[in-house]
Amino acid sequence: MDKFLTFGIVGLSLAAIYAVMASGLVVTQTTTGIFNFAHGAVGMLAAFAYWQLRFDWNWPAPIALAVVLLVFAPGIGLLLDWLVFKRIRDASEAIKLVVTISLLTGMISLARWIWDPNVARPMSKFFASSKALHIGPTTITWHQAITIFVALFVAGALRLVLFRTRLGLAMRASVDDPSLAVLNGARPELAAKLAWCLGSTLAALGGILIAPNIALDAASLSLLIVSAYAAAVVGRLRNLPMTFVGALIVGLTEAMLSGYLPRNQYLTGLRLASPALILFVVLLFMPHHRLKTRVRSRESFPVPQWRGSLIFAATAIALGVVLATTLSDSDQITYAHIFSYALIALSLVPLAGYSGQISLCQLSLAAIGGLAYTHLGNGSPWGLVWAMLIAAAVGSLIALPALRLSGLYLALGTAAFAIVLDKWIFTMPKFSVFGWFDVSLFDQGSVEVRPLHLFGATFDGSGAQIVVGAVLFSLASLVVVALRRSFFGRRLIATRDSEAACATLGGNVIVTKVSVFAISSAIAGLGGAVYSVQSGTISANFFDFVSGLPIFVLAVVGGVAAVGGAFFAGINLVGALPALVALAPSLSNVVALMPGMAGVGMGRAPNGAVFYMRHGWSSLIDNKRMSALFAALLAGWYAARIGGVVGNWPFVAGLVVIVMVVRIPSRVIEAHRGVDRTPTVPPEWRGVGQPWVTADGPAIDRELSVAAGERGSGA
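Small disclaimer: the values here were computed from a predicted structure and weren't measured. (Residues numbered from 1 in each chain as written. Predicted model: local features only at pLDDT ≥ 70, side-chain atom pairs only at ≥ 80, totals over all residues. Heavy atoms only, no water.)

Asks: Teacher, can you tell me more about the overall build of the protein here?
Replies: When helices and strands are counted, the protein shows 30 helices and eight strands. Looking at the protein residue by residue over its 715 residues, the buried ones come to 51%. Across the protein, contacts joining residues at least 24 apart in sequence account for 76% of those joining residues at least 6 apart. For the protein, the exposed surface amounts to about 32,400 Å²; the carbon and sulfur share of it is 66%. (Helix = DSSP H or I, 4+ residues; strand = E, 2+ residues; numbered from the N terminus. Buried < 20%, exposed > 50% of the residue type's maximum accessible area, 1.4 Å probe, protein only. Contact = heavy atoms within 4.5 Å. Areas by Shrake-Rupley, 256 points an atom, 1.4 Å probe, with all protein chains shown as cover.)

Given below as structure tokens:
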């Protein structure tokens, strides 16, 4: 009984922290309609700021708390609202997810920049030197008592503010119908600002309360929000009392597992994974209200043409050959993963780009592919086949229970799945499945991966592996293009636009979703196998959840509905960003921030960077003579590099000059011919996507087959 009470107190204190953080999440979601994935990162920054003031600068605790909770945290809320959130309030749900996930990765990078992650920063608990309080046969520390009291105070105060004051009514009304709220005297902009201030303060309070219990680490503190996610989802993202009930469930489960879970090597990670498991189960079995989406996405999904796709595939292979023949051995090791990361990002194109299903576990599926290659066909081309088949099977298993989820809920579900793998499954030793067969994962360490042996040749050099990765990526990109041009691809687009309409017209939505999950997972598994071969050895921390977020962000920034967007992700994440660090090592922390910063600006370019890059290159691509000249100049410059006339960095600088110079005459020729490449805006977005002009009226009449003069006749 004493043990039960002891761990019950621990569970209540954890539940109190999760309740505080989850309530802040619910307040911002209810008031602004934005689910903030970076909510835990705000609490993490506040915990670091409190450590800086209280323990490094030795400020008194009350003053340090006042500065962090009354100045620092509300300031972050106001700053984020001004710079980010108010710009995406009317954006699609997918854009909101990308922006807030980008904030999460950016804040983690910012914290690692300011506070060296290799330095330990212990934080003592409140009144740690005071004698603990006795409650019957057990004791409760002052820190635990304060935590529980704070949670009760927050619950009462939030209930009072949101449901008994005009301000709370205005905050809740602003997300339902801002226009109607304005007519009734509310100020949605002010309500949103107050919500972000309050939400950030609650996140900061939770971060400060839990930081003494764990290591002060940026990623770990930020991912503690998963427990708050589970509590918030129990409250269906709007019900505060049920949110506190969810926090109790998560906190007590975690504490009781600590006290009563049998000590064996197979259950070691279960306690750490329990919040994510609870989140996954709650998402699957609890009813969820449909989240409000007030806007229709203006993203366009043009059908890729074979000519352009073949040129793209050839260009990718040519780049692989250039990298393999010009880089030094050490640089080849650095940049070898361009195409494996591009393959993992490519897995998002059919899933997120075509069908609109948001997955945050693609790197985990890549890990499964890497393990399948290593244990079932290490060095054999059949290992690649096994990697795709096993990853596809796991992806299908994920899809089956997740069929009822979409949008934000699917993103949360796949994130929970990835964290369960990280914290528990990937840490397990070899085990048997009902005595039928044995499963070996990372063997609680690292596993060695042999190079690919194909057609009597062993591709054991870094240069050869780069070329193999380029070829596999190019082939996979052509398969994805063929998929988009097929009947199944059209069904994916229809499912994205409206699942109900697709089903009404005879489409099988269940089969479509499971199939696209399997295809996407197979591509991710292939990417994981290629990554494993290039690495030589792999361990579980290569594939953790946080490492997968920049891939997702840059794929969407590049253009998640285009194979070029996947290449954009690989080139930038493994190519351009490391190259910047090599040129200027002092910029390493700035470079780490760039993926997050790029994702935050996603609202301005919903189609992705590749769409606008393709538009900018159209004048050169469509001019055959200039394209031939461009190719000849590149080939000549490459020959100069191979011949030793120039070094690597002059070679790169020359490539940039060629690219910039050759585009100029092609644009001049196009302008002389009077070619207009202004992007066409669909008729329904005239006056919204671009300013209304007089010619738009007749253009819409033609689209609607309305005769001149009939419009507005009242018929």
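Asks: Any chance you could explain the nonpolar core here in plain terms?
Replies: As a rule of thumb, nonpolar side chains are buried together in soluble globular proteins. Core analysis: the largest hydrophobic core is formed by 195 residues, its most contacted members being F37, M44, L346 and F473. Element by element, the count of residues in this core is highest for helix α19 (residues 407-423), at twelve residues. Excluding anything up to four places from it in sequence, F37 contacts L97, T100, I101, L104, Y229, L360, L408, A411 and L412. (Core = buried A, V, L, I, M, F, W, Y, C linked by side-chain atoms within 4.5 Å.)

Asks: What's the story with the pattern of salt bridges in this structure? I'm lost.
Replies: If charged atoms from side chains of opposite charge come close, those side chains can pair. Tallied over the entire structure, the rule returns two salt bridges. Between D81 and K193 there is a salt bridge, with its nearest N and O atoms 3.8 Å apart. One end of the pair, D81, is in helix α3 (residues 61-83); the other, K193, is in helix α8 (residues 188-210), with 112 residues separating them in the sequence. According to the relative accessible area criterion, D81 is buried, its value standing at 0%. Of the residues examined, K193 reaches a relative accessible area of 30% and is grouped as partly exposed. A salt bridge links R271 to E254; its shortest N-O distance comes to 3.6 Å. Taken together, the residues span a long stretch of sequence, with R271 in helix α12 (residues 270-285) and E254 in helix α11 (residues 240-260) at a distance of 17 residues. Owing to a relative accessible area of 28%, R271 belongs among the partly exposed residues under this scheme. (Salt bridge = Lys/Arg side-chain N within 4 Å of Asp/Glu carboxyl O.)

Asks: Teacher, can you tell me more about the environment of S396 here?
Replies: Mapped onto the fold, S396 is located in helix α18 (residues 381-399). Among the residues examined, S396 registers a relative accessible area of 18% and is labelled buried. Separated by 124 residues in the primary sequence, S396 and S520 have C-alpha atoms spaced 9.8 Å apart. Not counting chain neighbours up to four residues away, the residues in contact with S396 comprise V514 and A518.

Asks: What am I meant to see in the packing of aromatic side chains here?
Replies: Centre-to-centre distance and the angle between the planes together describe a pair of aromatic rings. Applying the stated criterion to the full structure yields 19 aromatic pairs. Aromatic side chains F48 and W115 sit 4.9 Å apart centroid to centroid with 25 degrees between the ring planes, which places their arrangement in the stacked category. Taken together, the residues span a long stretch of sequence, with F48 in helix α2 (residues 39-56) and W115 in the loop between α4 (93-114) and β1 (133-135) at a distance of 67 residues. The burial state of F48 is the same as that of W115; both residues are buried. Here a set of aromatic residues connected by ring pairs shows up, and it is made of Y341, F426, F442, Y531, F542 and F543. Between R54 and the ring centre of F55, over which it is positioned, the NZ or CZ distance is 5.4 Å. Here R484 stacks its cationic end above the ring of Y354, 5.9 Å away from the centre of that ring. (Phe/Tyr/Trp six-rings, centres within 6.5 Å; stacked < 30°, edge-to-face > 60°. Lys NZ or Arg CZ within 6 Å of the ring centre and 35° of its normal.)

Asks: Teacher, can you tell me more about the environment of F37 here?
Replies: With respect to the helices, strands and loops of the structure, F37 is situated in the loop between α1 (2-32) and α2. Linking F37 and I101, residues 64 residues apart in sequence, is a C-alpha distance of 5.5 Å.

Asks: Whenever I open this one, the packing of helix α25 (residues 563-583) against helix α26 (residues 588-600) confuses me. Can you help?
Replies: Relative orientation and spacing of two packed helices are given, respectively, by the angle between their axes and the distance between those axes. Across the interface, α25 lies against α26 with an axial gap of 9 Å and an inter-helix angle of 155 degrees. When the axis of α25 is compared with that of α26, the two are roughly antiparallel. The crossing of α25 and α26 is right-handed. Residues L573, L577, L580 and V581 of α25 form the contact with α26, whose participating residues are S588, V591, M594 and P595. (Axes fitted to C-alpha atoms, helices over the stretch in contact; angles between N-to-C directions. Parallel < 35°, antiparallel > 145°, perpendicular 65-115°, else oblique. Left-handed = near helix turned anticlockwise from the far one by under 90°.)

Asks: What should I look at first to understand the side chain of S532 in this one?
Replies: Structurally, S532 can be placed in helix α23 (residues 509-535). Polar contacts involving the side chain of S532 include one to the main-chain carbonyl oxygen of G528, which spans 2.8 Å. Ignoring sequence-local partners within four residues, the contact set of S532 consists of G370, V449, I538 and F543. (Polar contact = N/O pair within 3.5 Å; in protein donor to acceptor, adjacent residues only side chain to side chain.)

Asks: Where do I start with a nonpolar patch on the surface in this structure?
Replies: A cluster of nonpolar residues, L580, L583, M594, M597, W649, V652, V656, V657, M660 and V661, forms a patch on the protein surface that exposes about 920 Å² of accessible area. Mapped onto the nonpolar patch, the elements with two or more residues apiece are α25, α26 and α29 (648-673). Per-element accounting of the nonpolar patch gives the leading share, six residues, to α29. Within the secondary structure, V661 is located in helix α29. (Patch = residues over 30% accessible without salt bridge, like charges linked within 9 Å, V, L, I, M, F, W, Y side chains within 5 Å.)

Asks: How should I be thinking about the side chain of K513 in this particular structure?
Replies: Checked against the element boundaries, K513 lands in helix α23. The exposure class assigned to K513 is buried, which follows from its relative accessible area of 5%. Excluding anything up to four places from it in sequence, K513 contacts Q357, A399, L403, L405 and E499.

Asks: Explain the environment of A391 here, please?
Replies: Relative to the elements of secondary structure, A391 occurs in helix α18. Sequence separation of A391 and G525 is 134 residues, and the distance between their C-alpha atoms is 5.2 Å. Those residues within four positions of A391 in sequence are excluded, and the remaining contacts are L365, I368, S521 and G525.

Asks: Explain helix α5 (residues 142-164) here, please?
Replies: One turn of an α-helix holds 3.6 residues; hence residues three or four places apart share an orientation. Between its first and last C-alpha, α5 extends 32 Å over 23 residues, near the 33 Å set by a 1.5 Å rise per residue. H143, Q144, T147, V150, A151, V154, L158 and L162 are the residues of α5 that are buried. (Expected span 1.5 Å × (residues − 1).)

Taken by themselves, the reported measurements are silent on function.
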